[in-house]
2 protein chains.
Amino acid sequence: MTASPAQTSLKALLAERELDAARNWLTLESSVAIAEEFSRLSTAEMAAAFRLLDKERALSVFEFVDPPIQADLLEGLREEETGEMFSSLAPDDQAELLDEMPAKVAARLLEGLPESRRAVVGDLLGYPAESAGRLMVPTPTVLMPDATREQALEKIQRNAAHHAMAGYDTEAADEDQNIEEGERSRSLTHAHAEIAVIPVTDDTRKLLGTVALSALVTAPIGTCVRDLMHAEKHHVRAAEDQEVAARLMQESDMLALPVVDDEGRILGLITVDDAMEVLEFEATEDAYRSGGSEPLKEPYLTATVMTLARKRGVWLVILILAAFLTINVMEIFEATLEAVVVLSVFVPMIIGTGGNAGSQAASSVVRALAVDEVRPGDIVRVIWREVRVGFLLGCFLGLLIFPVIFFLYEGTVAATISLTIVGVCTWACIVGGVLPLIGRKLGADPAVFSTPVVSTLVDATGLLIYFSVAGLLMADQISAATGG
Amino acid sequence: MTASPAQTSLKALLAERELDAARNWLTLESSVAIAEEFSRLSTAEMAAAFRLLDKERALSVFEFVDPPIQADLLEGLREEETGEMFSSLAPDDQAELLDEMPAKVAARLLEGLPESRRAVVGDLLGYPAESAGRLMVPTPTVLMPDATREQALEKIQRNAAHHAMAGYDTEAADEDQNIEEGERSRSLTHAHAEIAVIPVTDDTRKLLGTVALSALVTAPIGTCVRDLMHAEKHHVRAAEDQEVAARLMQESDMLALPVVDDEGRILGLITVDDAMEVLEFEATEDAYRSGGSEPLKEPYLTATVMTLARKRGVWLVILILAAFLTINVMEIFEATLEAVVVLSVFVPMIIGTGGNAGSQAASSVVRALAVDEVRPGDIVRVIWREVRVGFLLGCFLGLLIFPVIFFLYEGTVAATISLTIVGVCTWACIVGGVLPLIGRKLGADPAVFSTPVVSTLVDATGLLIYFSVAGLLMADQISAATGG
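Under an unreviewed UniProt entry, the name given to chain A is Magnesium transporter MgtE, and the organism recorded is Corynebacterium urogenitale. You can read under Sequence similarities (unreviewed entry) in the UniProt record for chain A the words "Belongs to the SLC41A transporter family." Database annotation for chain A, UniProt heading Subunit (unreviewed entry): "Homodimer."

What follows concerns the overall build of chain A. Scanning chain A from terminus to terminus reveals 28 helices and six strands. For chain A, the C-alpha radius of gyration of 30 Å lies well beyond 23 Å, the compact-globule estimate for 484 residues. For chain A, the C-alpha atoms occupy an extent of roughly 95 × 60 × 40 Å along the three principal directions. Out of the 484 residues belonging to chain A, those deemed buried represent 61%. Residue pairs at least 24 apart in sequence account for 67% of intrachain contacts in chain A once pairs closer than 6 positions are excluded. Here chain A has roughly 18400 Å² of accessible surface; of this, 58% comes from carbon and sulfur atoms. Taking the average location of the 37 positive side-chain charges in chain A and that of its 70 negative ones, the two points are 2 Å from each other.

In this section: the UniProt feature "transmembrane region" (unreviewed entry) in chain A. Residues and elements named next belong to chain A. According to UniProt, the "transmembrane region" (unreviewed entry) feature falls on residues 314–333, 339–357, 389–409, 415–435 and 447–469. Segment residues 339–357 splits into 84% helix and 0% strand. End C-alpha atoms: 30 Å apart. In this annotation, residues 389–409 is assigned 95% helix and 0% strand; the end-to-end C-alpha distance for the span is 29 Å.

Right, let's talk about the packing of helix α25 (residues 379–408) of chain A against helix α26 (residues 411–441) of chain A for a bit. Residue and element names in this part refer to chain A. Running from amino to carboxyl end, α25 crosses α26 at an angle of 155°, the nearest separation of the two axes being 7 Å. Considering the angle they form, α25 stands roughly antiparallel to α26. For the crossing formed where α25 meets α26, the hand is right-handed. Here the contact of α25 with α26 is composed, by residue class, of 22 nonpolar, seven polar and one charged.

What follows covers the sheet that holds strand β1 (residues 137–138) of chain A. Residues and elements named next belong to chain A. Spatial strand order, β1-β6-β5-β4: four strands in an open sheet with mixed pairing. Single-partner strands in this sheet number two, and they are β1 and β4 (236–237). As defined by bridge partners, β1 adjoins strand β6 (residues 266–271) across two bridges and the pair is classed as antiparallel. Considered in β6, the bridge of Pro 138 is made with Gly 268.

As a further point, take the sheet that holds strand β1 (residues 137–138) of chain B. Pairing is mixed across the open sheet formed by four strands, whose spatial order is β1-β6-β5-β4 (chain B). On the outer flanks of this sheet lie β1 and β4 (236–237) of chain B, each paired with one strand and no other.

What follows is about the relation of the copies chain B and chain A. The pair of chain copies shares a relation made of a rotation about an axis and a shift along it. Each copy superposes on the other: chain B lies on chain A with an RMSD of 0.1 Å after a rotation of 180° and an axial shift of 0.0 Å. Taken together, the turn and the small shift mark the pair as related by a two-fold rotation axis. Same-surface contact between copies: 100% of interface residues of chain B are shared with the interface of chain A.

Let us now look at a nonpolar patch on the surface. Residues and elements named next belong to chain A. Among the surface-exposed residues, Val 404, Phe 407 and Leu 408 lie close enough to one another that they form a single nonpolar patch of about 330 Å² accessible area. Structurally, Phe 407 can be placed in helix α25. Classification of Phe 407 as exposed rests on a relative accessible area of 73%.

A word on the interface of chain B and chain A. You'll often see interface size given as the accessible area lost when the parts meet. Listed by partner, the interface residues are 137 residues for chain B and 137 residues for chain A. Roughly 12000 Å² of surface becomes buried between chain B and chain A when both sides are summed, with 64% attributable to carbon and sulfur atoms. When residues of chain B are sorted by the area they lose upon contact with chain A, Met276(B), Tyr300(B) and Arg385(B) head the list and together hold 6% of the total. Applying the counting criterion to the chain B and chain A interface returns ten salt bridges. Glu280(B) is the salt-bridge partner of Arg247(A), the closest N and O atoms lying 2.9 Å from each other. Inspection of the chain B/chain A interface yields 40 residue pairs in polar contact (both at pLDDT 80 or more). For the side of chain B that touches chain A, the element with the highest residue contribution is helix α24 (residues 347–370) of chain B, accounting for 16 residues. Residues that form the side of chain B that touches chain A fall into these classes: 77 nonpolar, 32 polar and 28 charged.

With that settled, the discussion passes to unusual backbone geometry. A positive phi angle is found at Asp253(A), which is not glycine, with a value near 50°. For Asp253(A), the position within the fold is in the loop between α18 (242–251) and β5 (256–260). In this structure Asp253(A) comes out as buried when scored by relative accessible area, which is 15%. One non-glycine residue, Arg205(B), lies in the positive phi region at around 65°. On the secondary structure map, Arg205(B) appears in the loop between β2 (197–201) and β3 (207–212).

Here the focus is the pattern of salt bridges. Considering all chains together, one arrives at 46 salt bridges over all chains under this definition. As a salt-bridge pair, Glu45(A) and Lys11(A) come within 2.8 Å of each other at their nearest N and O atoms. Here Glu45(A), found in helix α4 (residues 43–51), pairs with Lys11(A), found in helix α1 (residues 10–15); they are 34 residues apart in sequence, far enough to count as distant. Take Glu45(A): its relative accessible area is 16%, and that puts it in the buried class. For Glu263(B), the salt bridge goes to Arg265(B), with nearest N and O atoms at 3.5 Å. Bridged by salt links that share partners, the residues Glu36(A), Glu37(A), Arg40(A), Asp372(B), Arg375(B), Asp378(B) and Arg381(B) form one connected network.

Here chain A is partitioned into domain 1 (10–135), domain 2 (138–166 + 190–281) and domain 3 (305–482). For domain 1 of chain A versus domain 3 of chain A, the distance between C-alpha centres works out to 47 Å.

Residues and elements named next belong to chain A. This structure, assessed with the given rule, holds twelve aromatic pairs over all chains. Both rings, one in Phe 50 and one in Phe 62, keep their centres 6.4 Å apart while their planes meet at 55°; by these two values the pair is tilted. Residue Phe 50 is found in helix α4, and its partner Phe 62 is found in helix α5 (residues 55–64); the two are separated by twelve residues along the sequence. Owing to a relative accessible area of 0%, Phe 62 belongs among the buried residues under this scheme. An angle of 15° between the planes, with centres 4.5 Å apart, marks the rings of Phe 333 and Phe 467 as stacked. A residue pair is termed long-range when its members are at least 10 positions apart, and Phe 333 in the loop between α21 (324–332) and α22 (334–339) and Phe 467 in helix α27 (residues 451–473) qualify at 134 residues. Judged on exposure class, the residue Phe 333 and its partner Phe 467 are both buried.

Turning our attention to the nonpolar core. Leu10(A), Phe38(A), Phe50(A), Leu10(B), Phe38(B), Phe50(B) and Ile270(B) are the most contacted members of the largest nonpolar core, which totals 125 residues. Once residues lying within four places of it in the same chain are set aside, the contact partners of Ile270(B) are Ala132(B), Leu135(B), Met136(B), Val236(B), Ala245(B), Met249(B), Leu255(B), Ala256(B), Leu257(B) and Val259(B). Membership of the second largest hydrophobic core comes to 122 residues, among which are Tyr288(A), Val342(A), Val305(B) and Val345(B).

Glancing now at helix α20 (residues 305–322) of chain B. The end-to-end C-alpha distance of α20(B), which contains 18 residues, comes to 25 Å, matching closely the 26 Å that a straight helix rising 1.5 Å per residue would cover. At Gly313(B), α20(B) is deflected by roughly 35°, the largest bend along its length. Turning to α20(B), its buried residues number three or more, namely Val305(B), Thr307(B), Leu308(B), Ala309(B), Arg312(B), Gly313(B), Trp315(B), Leu316(B), Val317(B), Leu319(B) and Ile320(B). Each element contacted by the buried residues of α20(B) is listed here: α24 (347–370), α25 and α26 of chain A together with α21 (324–332) and α27 (451–473) of chain B.

Residue and element names in this part refer to chain A. The terminal C-alpha atoms of α26, which comprises 31 residues, lie 45 Å apart, in line with the 45 Å expected from a rise of 1.5 Å per residue. When you tally the buried positions in α26, you get 22 out of 31 residues, the bulk of the element. Phi turns positive, to about 85°, at Gly 443, one or two residues after α26.

The next subject is the pairing of β5(A). Residue and element names in this part refer to chain A. Of all five residues making up β5, five are buried, and the element is well covered by its neighbours. Of the two faces of β5, the one carrying Ala 256, Pro 258 and Val 260 and the one carrying Leu 257 and Val 259 are both buried. Pairing of β4 with β5 involves two bridges; the strand directions are parallel. Looking across to β5, one finds that Arg 237 is bridged to Val 260. Between β5 and the antiparallel strand that follows it, β6, lie five residues; Gly 264 among them carries a positive phi value of about 80°.

Let's shift gears to the pairing of β6(A). Residues and elements named next belong to chain A. In terms of burial, β6 is a largely internal element, six of the six residues being buried. For β5 and β6, the ladder comprises five bridges, and the chain directions are antiparallel. Note that in β6 the partner of Val 259 across the bridge is Gly 268.

What counts as what
- Residues numbered from 1 in each chain as written.
- Chains lettered and ligands numbered in written order.
- Predicted model: local features only at pLDDT ≥ 70, side-chain atom pairs only at ≥ 80, totals over all residues.
- Heavy atoms only, no water.
- UniProt positions renumbered as here; feature names shortened; annotations may be inferred.
- Helix = DSSP H or I, 4+ residues; strand = E, 2+ residues; numbered from the N terminus.
- Rg over C-alpha atoms; globule rule 2.2 N^0.38 Å.
- Buried < 20%, exposed > 50% of the residue type's maximum accessible area, 1.4 Å probe, protein only.
- Contact = heavy atoms within 4.5 Å.
- Areas by Shrake-Rupley, 256 points an atom, 1.4 Å probe, with all protein chains shown as cover.
- Lys, Arg positive; Asp, Glu negative; His and termini not counted.
- Charge placed at Lys NZ, Arg CZ, Asp CG, Glu CD.
- Axes fitted to C-alpha atoms, helices over the stretch in contact; angles between N-to-C directions.
- Parallel < 35°, antiparallel > 145°, perpendicular 65-115°, else oblique.
- Left-handed = near helix turned anticlockwise from the far one by under 90°.
- Nonpolar A, V, L, I, M, F, W, Y, C, P; charged D, E, K, R; others polar.
- Pairing = 2+ DSSP bridges.
- Least-squares fit on C-alpha atoms with pLDDT ≥ 70 in both.
- Patch = residues over 30% accessible without salt bridge, like charges linked within 9 Å, V, L, I, M, F, W, Y side chains within 5 Å.
- Salt bridge = Lys/Arg side-chain N within 4 Å of Asp/Glu carboxyl O.
- Buried area = accessible area lost by both parts, 1.4 Å probe.
- Polar contact = N/O pair within 3.5 Å; in protein donor to acceptor, adjacent residues only side chain to side chain.
- Domains from an automatic or database assignment.
- Phe/Tyr/Trp six-rings, centres within 6.5 Å; stacked < 30°, edge-to-face > 60°.
- Core = buried A, V, L, I, M, F, W, Y, C linked by side-chain atoms within 4.5 Å.
- Expected span 1.5 Å × (residues − 1).
- Bend = angle between axes of the 7 residues up to and from the residue.

Structure, rendered in structure tokens:
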């Protein structure tokens, strides 16, 4: 029922070939829980588990797993089963899945669809990847502002009865019995959000606003659609980024968002379940990028070791090459290090603290950019905040460690380290705050300019600050050792 | 309309005291866009802008801003205005806002509510913070399985007409005209999701399932509720964590989730807009913690510099104290460093690479834990994956830098650094993968054991690996210099 972990895991049952117990496990869990468990199985285990489900259950589980897993599953099935699973999805989900498949398989799947549906999916694939157009349920039922509540409800019911799902063409359902079944099962989830909000248009299909199904149902008899229409008509253009659409839905608490063409005519609706998926994907992407790797498309436990290594390797290579900068800096000051060996003892602490302060600033600003609380134009405000925060933190840390180092070493060393910490913290906060803004300005994902990139850059520059401060405060010791 | 940035910012207009232009700006933007813009203003600017809105608009904007900003706004308003704004919120939002206010103000606001509503909000406050109970809209309309479609729709309409919003008590609305208005404005957003899914119960209010409003509306006349009821009845208990509830809603594409008591009786509904807010907050919390600071409650640009410094300072202090470990390690090997100064040159690169590899592993596992793709019980699988990924990456990086260092220095140095990189990468991936799992097991937020904590721990242990490898491969050089 709820998302509680099962007593014995499905994975263990499959590994021990306890097929009856596995079938029993599957019977007791919800489709959602099964779909979730799939993200923890290997491809072979998934296929084995999938074959234990009865047909209706299999369709329902198939809907709930992510497109990369859907693609994996389809590869393990016979051709006629493949077609059936694929046909059961809504057009926007079909378009997304086709993107995941090899071109040849995608073409075969598309050909298996009835002609009218193939045209709908083809239209969706015509929109750029990650655009709002890709995400929408096309051609929903629309209402005219002058209709009464009763006329509106009747139209909604009539369309639904005709199409099994608002806006889908009847021929598709008539041509192929499987499609009709699939759509009926689908209508249990996707369609609730889809019919929860109905676009209101003029007679050229230009969007005038939206009306909530709940508002229609609860209004007094005879009320006009115009009087129930939502005054603030949020919508997006089909070419708009999916993330913008999803964030608008989140901020405006909408159950479905109209998508329009350049002339403002209604094209389709994005449902809130799709918006949540987009936001989850964006959060995952940001989490990976902030940690310095490219995001995985598949679940962590399903991805191969090679995939994991590849996603991380690209950045590690870039960063280790950038780290040669630190070697340069260290070499420049090799004589100083040789003269006052104690200086090298503090190197890890200083670059570590700089990296941490920079990473804190970067993660704050990356997140603020993601939720649109900060924009690239705010760069001056961000710098001014980070200068003060970094200086404050640096002073606090400097004062904190001064007595410790004074006690362990001596006054000049303690003063050098403390002053360096002030400088490094301030500088790291500025770099951490500014880099994501510059990244966004250049059209890159700001999350890329987060922790590892920031800390690698701050490492080299932090060392410069360190040796400059040491050069000033410990000049006597250094020249005594090198000169003498 | 869409979330496009305004030409001249509201902030600039307010700063230049262009009040007419600011009023004009406010008229042209949607309530959602205004609420979003508020997250970029100071408290004083917010209050100034708020006073330029007409009453209905002000109520609508007030609903869309986050609770900490609501609290700020209320502090700047006169007492009678305060009461009105507060009354306009749904009970779950009222409970959330009361948590943000000083106890004295909270008590006054609560007293200003009609008695019946006060009881409802009081009940919500009785649930633990961050529990599903806190988030729900209490006592929704319920249906019996034997009702027909027409009886059901009539009951929904009757309840809504009575209460302005399903489930709220009539006396409240009668006692106070303001409340009734507020609830009507509120019903434009929250309530759509609330009425989109209706719980089906037996005559003791035990939850049997749910039925979608769209399913009711589109069903043929005379259909029984039982036949439209959703077979998989997802729900949560009131004491369950909000994040669990929100994630269940996301995974099962639900518009509203029933909340039940320990006997399975219906208590209320959580709506999808609240679930999205919870997930956004969790993603923000993870982003901050992964960057090594405590999450901000207010937007980045609204928080004071002191708040930013405090949220980051706690972790920086812990981490700099932990970094004294690196000083210990460096001191132990001070003789070695003195003997072969070139070793110190590579210290920043080695600990940097270890930190990066650890941060990549940690961010993958933290995210996988957050979306429930990995659980603490998977620890052996995670270690085995990370050992292989880390070793693979280490070998690749080691081979990559070997010729460069061989060319710049000599063979023994190159071999030492390359072998160290293999060891450090493998070790960093294990630590990064395991720490979040241990954190979760201990009941802490796994995101805390992410980048900065991992890299600080890996710094000290990475140095141990470095000096051990150097001790083996460069034994002759070291003993020659120290012994001679």
